[in-house]
Every structure is written in C-alpha cells, then in structure tokens.
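Residue strings, one per chain:
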Amino acid sequence: MWQTPAELHAALNDLPVVLLIFSLFFEVAGNLTKRDSLRAAGFWTLVAGAGGALLALISGLRAEDTIEHGGTVHLVLERHETLAITVTVVFGLLAAWRVLRRRGMGSRERPAYIGALVLGSLLLFWTAHVGGTIVFRHGGGVPTDVLDAALAERATGHTHDPGEEHDNEDEPVESVTADSTGNGEHSHSPGTPSHEH
C-alpha cells in the first residue's frame, strides 16, 4: 500500500489533527453546556489524538532519513521536526493532565486546560502548514525521477471533455517545450499580450 516511509507519514498525519481539534470542540461544548457526555468525548478524542500524534511523529522521523531533498527542504524539515516534537509533547502532557483529573476539574482549572488546548491546536495547525510546504512548495519527498516525469508531462498539456474545463479557462496558459540546451521554446494562448522573455 505505502511504498515509502514518507507515504506512510502522510497517511498517518491527518487523523491525529482531526481528533485533537475535535477534542477542543468537545471540551468547549461540554464546558458551555455542562454535559458530561461531551466532556467524555473530549477526553477520548484527546487520548486517541495524542497517541496518533506519537505515531505520526515516529513515521515522520523515519521518513526524514529516506526522502530526496536539498538544502532548503532540509531547513524546513528541521523546523517541521522541532514543531512536531513540541506538539507531541504538548498533547501528551495535556492527555496526562486530563487522565489525572478525569474525575473533575475545578472552576479555575478547566479554563486553563481549555486555553492550553487552544494554544496546542494553533501550534498543531502551524506544524501541519510547515509540513505541507515541504511537498507543495519545495517538492521534498518527491523522488527526482518522478518529479522529472511529472514536469515533462505537465509541459505537454492536456485536454478536457466537455463540461470538465478548469475554472480559469480564460487565463492565458503557456505550453513549454525544453530543447537539449535547457532553453524553453513556448507558445502563448490566443489573446495573450505581447511581451519579452
């Protein structure tokens, strides 16, 4: 199913994020409505999400050593790793706090706990954003031969069946064909203003 550790890491990333965000939602809803069932849902989603974050971290550490990357991706990987370790520790501590105080939190303790959940969730979103830039902005994790093949295919363009056009069909699109020297000869869509390269 997964051919590389990076693919496994990508598969494991989403579930803990969803669980931890839902934990915050359930805790806030339970606090507002005073319903124990919502607080219980917050407890279980937090525990499961913290466990999932640990699995995502372990898979990410394995993936880091296997992907092809350059200097820029290396720097972003290091930042993502630091954030991921921090997030895993934060939610592990929050889960431990919740387990120890499962029977009930005081009126002052619960807002502090929810505040910590909010801060942890914001950190979680930032960690996910930085991780996404590794692939979507820098091409990290994509093997060089796969990237080269994708760029070659993209340069040839493609057609759509009627009704499947892109939303931005009116925007000019360039098709590029690289010659053996690396210089690109290209043509512009009809209506593209004249310009120099």
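Residues numbered from 1 in each chain as written. Predicted model: local features only at pLDDT ≥ 70, side-chain atom pairs only at ≥ 80, totals over all residues. Heavy atoms only, no water.

Enquirer: Give a detailed account of the overall build of the protein, specifying residues and quantitative values.
Expert: Across its full length, the protein holds five helices and two strands. In sequence order, the secondary structure elements of the protein are arranged as α-α-α-α-α-β-β. Burial analysis of the protein (197 residues in total) assigns 28% to the buried set. If you take every contact in the protein between residues at least 6 apart in sequence, the share linking residues at least 24 apart comes to 59%. (Helix = DSSP H or I, 4+ residues; strand = E, 2+ residues; numbered from the N terminus. Buried < 20%, exposed > 50% of the residue type's maximum accessible area, 1.4 Å probe, protein only. Contact = heavy atoms within 4.5 Å.)

Enquirer: Please give an account of the nonpolar core that cites residues and values.
Expert: Side chains of nonpolar character tend, in soluble globular proteins, to be buried together. Counting 13 residues, the largest nonpolar core has L20, L46, F91, L94, Y113, L117 and L124 as the members making the most contacts within it. Of all elements in the fold, only α1 (5-33), α2 (36-64), α3 (71-100) and α4 (109-136) reach the threshold of two or more residues within this core. If we skip the residues at most four places from it in the chain, L20 touches L46, G49, A50, F91, S121 and L124. Core analysis: the next-biggest nonpolar cluster, separate from the first, contains seven residues, I67, L83, V130 and I134 among them. (Core = buried A, V, L, I, M, F, W, Y, C linked by side-chain atoms within 4.5 Å.)

Enquirer: Can you break down a nonpolar patch on the surface residue by residue, with the values?
Expert: The grouping of V18, F22 and F25 at the surface amounts to a nonpolar patch, some 290 Å² of accessible area in total. Classification of F22 by relative accessible area gives partly exposed; the value is 42%. (Patch = residues over 30% accessible without salt bridge, like charges linked within 9 Å, V, L, I, M, F, W, Y side chains within 5 Å. Areas by Shrake-Rupley, 256 points an atom, 1.4 Å probe, with all protein chains shown as cover. Salt bridge = Lys/Arg side-chain N within 4 Å of Asp/Glu carboxyl O.)

Enquirer: Before we move on, can you summarise the packing of α2 against α3 with the specific residues and values?
Expert: Running from N to C, α2 and α3 point in directions that differ by 150°, and their axes come no closer than 9 Å. As the angle between them shows, α2 and α3 are arranged roughly antiparallel. Judged by the twist between their axes, the crossing of α2 over α3 is left-handed. When α2 is examined against α3, the residues R39, F43, L46, V47, A50, A53, L54, L57, L61 and E64 are found in contact with a partner set consisting of L77, E78, E81, A84, I85, T88, F91, G92, L94, A95, R98 and V99. Its residues assigned to classes, the contact of α2 with α3 shows 15 nonpolar, two polar and five charged. (Axes fitted to C-alpha atoms, helices over the stretch in contact; angles between N-to-C directions. Parallel < 35°, antiparallel > 145°, perpendicular 65-115°, else oblique. Left-handed = near helix turned anticlockwise from the far one by under 90°. Nonpolar A, V, L, I, M, F, W, Y, C, P; charged D, E, K, R; others polar.)

Enquirer: So what's going on with the packing of aromatic side chains? Which residues, and what values?
Expert: One pass over the structure, following the stated rule, counts five aromatic pairs. Both rings, one in F22 and one in F26, keep their centres 5.9 Å apart while their planes meet at 40°; by these two values the pair is tilted. Here the residue F22 and the residue F26 both occupy positions in helix α1, the gap between them amounting to four residues, near one helical turn. Exposure remark for F26: the relative accessible area of 19% places this residue in the buried category. (Phe/Tyr/Trp six-rings, centres within 6.5 Å; stacked < 30°, edge-to-face > 60°.)

Enquirer: Describe in detail helix α5 (residues 144-156), supporting the description with residues and values.
Expert: Taking 1.5 Å of rise per residue, 13 residues should cover 18 Å, and α5 covers 19 Å from first to last C-alpha, within 8% of that figure. Count one or two residues on from α5 and you reach G157, which has phi positive near 80°. (Expected span 1.5 Å × (residues − 1).)

Enquirer: How would you summarise the side chain of S121 if you had to cite specific residues and measurements?
Expert: Checked against the element boundaries, S121 lands in helix α4. Classification of S121 by relative accessible area gives buried; the value is 3%. Once residues lying within four places of it in the same chain are set aside, the contact partners of S121 are L20, I21, L24 and F91.

Enquirer: So what's going on with the side chain of H9? Residues and values would help.
Expert: Within the secondary structure, H9 is located in helix α1. Within polar-contact distance, the side chain of H9 engages the backbone oxygen of A56 at 3.0 Å. Reaching out from H9, the side chain makes a polar contact with the side chain of S59 at a distance of 3.0 Å. (Polar contact = N/O pair within 3.5 Å; in protein donor to acceptor, adjacent residues only side chain to side chain.)

Enquirer: I'd like to hear about the pattern of salt bridges, residue by residue, with values.
Expert: Between side chains of opposite charge, pairing is possible as soon as their charged atoms come close. Applying the stated rule across the entire model yields four salt bridges. The closest approach of N and O atoms between R98 and E27, which form a salt bridge, is 2.7 Å. Here the residue R98 occupies a position in helix α3, and E27 occupies one in helix α1, the gap between them amounting to 71 residues. Take E27: its relative accessible area is 0%, and that puts it in the buried class. Taking the shortest distance from any N to any O, the salt bridge between R39 and D36 comes out at 3.9 Å. A residue pair is termed a helical-turn pair when its members lie 3 or 4 positions apart in one helix, as R39 and D36 do in helix α2 at three residues.

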